[in-house]
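Close look at the chain arrangement
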Amino acid sequence: MVYTEYNGKKLNEDAIEFFDKLCQHESTNNYNLLNSYGYMGKYQVGRDIMKDLNWYSSRMGYIGEAREKWGIQSRKNFLGNSAAQDDLIMKSMVKRWDYLDAYLKKHTKKGIMDYVCKEITVHLHAVYTDTSGKSKDGEALLRVLKNGKNKKLGNPKGKKFLITISGLLAGSHLTGQGGMGIFLSSGGRKIPTDGNGTMVLVYMEELKGHDLSMICGHKDNCRLDNKAVVKNDSFQDEIILKE
């Protein structure tokens, strides 16, 4: 990350590591990248989240902090400003937290923290879906099965996955809070994927266990890889104790 300030404080190192991993997954840290779906920059953000954060308007273009804080007036300006992309991604996580929490409360009567530190077993007959929960078939399904990131994770069916805050937020970034919510509310019977066929489980697993408490105000108290993750309300870096 180039810009690591959040609410007037320097972001903790564990959170910085999370965002560095996220941009590697999204673009291999290429802040000039524009993909065929219109997602932009090193985190591959869309104008939907920009609108939610009052950074973009269909009628007026770039507005709010995008223009006033970062001087962004065009897509080219945004792609050329790595620091602004860092600022946007941090703020987007707060929105995604709120949206996912609201989705879960609506569809399951539970909030995010009711799921955190629990394990979910992917159903043996789980289906791959798009971000709206519609089953994939044909070329779309083939894209899932051939996806390199999915192959690295392996066949998830029948396996248990630990739910952590950073994993949930990473998954919400990939498939939207709707996709992340569909996986949880289906009890592991649906596996949402993005347009490239990457499973939400890839981001849940590979970006799990990072301390994002400075951003979302909550912290895991889970067990990761046979280690105790100690709750630290001072919002300093996560402490991992070996047994």
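Because the structure is predicted, anything quoted here is derived from the model rather than measured.

**Some thoughts on the overall build of the protein**
- Helix and strand counts for the protein come out as eleven helices and eleven strands.
- Expected size for 243 residues packed as a compact globule is a radius of gyration near 18 Å; at 18 Å, the protein falls within 12% of this value.
- Across its three principal axes, the protein shows a C-alpha extent of roughly 50 × 50 × 35 Å.
- Relative to its 243 residues, the protein shows a buried fraction of 52%.
- By sequence separation, contacts in the protein at least 24 residues apart represent 64% of the contacts at least 6 residues apart.

**Re the nonpolar core**
- Counting residues in hydrophobic clusters, the biggest one holds 67 residues, and the most contacted among them are Phe19, Trp55 and Leu201.
- With residues up to four places along the chain from it excluded, the contact list for Leu201 reads Val122, Leu153, Pro156, Phe161, Phe183 and Ile191.

**Looking at the confidence of the model for the protein**
- Mean pLDDT over the protein works out to 91, with 91% of the residues at or above the 70 mark.
- Within the model, pLDDT remains below 50 along residues 226-243, and this stretch shows 41 contacts once partners closer than five positions in the same chain are excluded.

**Here we look at the packing of aromatic side chains**
- Taken as a whole, this structure holds four aromatic pairs when the rule is applied.
- Between Tyr3 and Trp70 the ring centres are 5.1 Å apart and the planes differ by 90°, which places this aromatic pair in the edge-to-face class. One end of the pair, Tyr3, is in the segment before β1 (5-6); the other, Trp70, is in the loop between α3 (64-68) and α4 (75-79), with 67 residues separating them in the sequence. Neither residue differs from the other here; Tyr3 and Trp70 are each classed as buried.
- Ring centres 6.5 Å apart and planes at 85° place the aromatic pair Phe19 and Tyr43 in the edge-to-face group. You can see Phe19 sitting in helix α1 (residues 13-27) and its partner Tyr43 sitting in the loop between α1 and α2 (47-52), a full 24 residues away along the chain.
- Taken together through their ring pairs, the aromatic side chains of Phe18, Phe19 and Tyr43 make up a single cluster.
- One cation-aromatic arrangement involves Lys110 over Tyr115; the distance from NZ or CZ to the ring centre is 5.8 Å.

**Here we look at the side chain of Asp211**
- By the element assignment, Asp211 lies in the loop between α10 (200-206) and α11 (213-216).
- There is a polar contact of 2.6 Å between the side chain of Asp211 and the side chain of Ser213.

**Brief notes about the pattern of salt bridges**
- If you walk through the whole model with that rule in mind, you get eight salt bridges.
- Ionic pairing is found between Lys91 and Glu65, a salt bridge with its closest N-O pair at 2.5 Å. Of this pair, Lys91 sits in helix α5 (residues 82-108) while Glu65 sits in helix α3; the two residues are 26 residues apart in sequence, bridging distant segments of the chain.
- Several salt bridges share partner residues, and in doing so they unite Glu65, Lys69, Asp87 and Lys91 into one network.

**Describing helix α9 (residues 165-185)**
- Helix length check: α9, at 21 residues, gives a terminal C-alpha distance of 16 Å against a target of 30 Å (1.5 Å per residue), a shortfall beyond 12%.
- Along α9, the helix axis deviates most sharply at Thr175, where the bend reaches about 115°.
- Across the 21 residues that make up α9, a large majority, 18, are buried.
- Of the residues flanking the end of α9, it is Gly187, one or two places downstream, whose phi is positive at about 65°.

**Observations regarding the environment of Ile215**
- Mapped onto the elements, Ile215 comes out in helix α11.
- A C-alpha to C-alpha distance of 8.9 Å links Ile215 and Ala15, two positions 200 residues apart in sequence.
- The contact partners of Ile215, leaving out residues within four places of it in the chain, are Tyr6, Leu11, Phe19, Met90, Met93 and Val94.

Rules and cut-offs
- Residues numbered from 1 in each chain as written.
- Predicted model: local features only at pLDDT ≥ 70, side-chain atom pairs only at ≥ 80, totals over all residues.
- Heavy atoms only, no water.
- Helix = DSSP H or I, 4+ residues; strand = E, 2+ residues; numbered from the N terminus.
- Rg over C-alpha atoms; globule rule 2.2 N^0.38 Å.
- Buried < 20%, exposed > 50% of the residue type's maximum accessible area, 1.4 Å probe, protein only.
- Contact = heavy atoms within 4.5 Å.
- Core = buried A, V, L, I, M, F, W, Y, C linked by side-chain atoms within 4.5 Å.
- pLDDT = per-residue confidence, 0-100.
- Phe/Tyr/Trp six-rings, centres within 6.5 Å; stacked < 30°, edge-to-face > 60°.
- Lys NZ or Arg CZ within 6 Å of the ring centre and 35° of its normal.
- Polar contact = N/O pair within 3.5 Å; in protein donor to acceptor, adjacent residues only side chain to side chain.
- Salt bridge = Lys/Arg side-chain N within 4 Å of Asp/Glu carboxyl O.
- Expected span 1.5 Å × (residues − 1).
- Bend = angle between axes of the 7 residues up to and from the residue.

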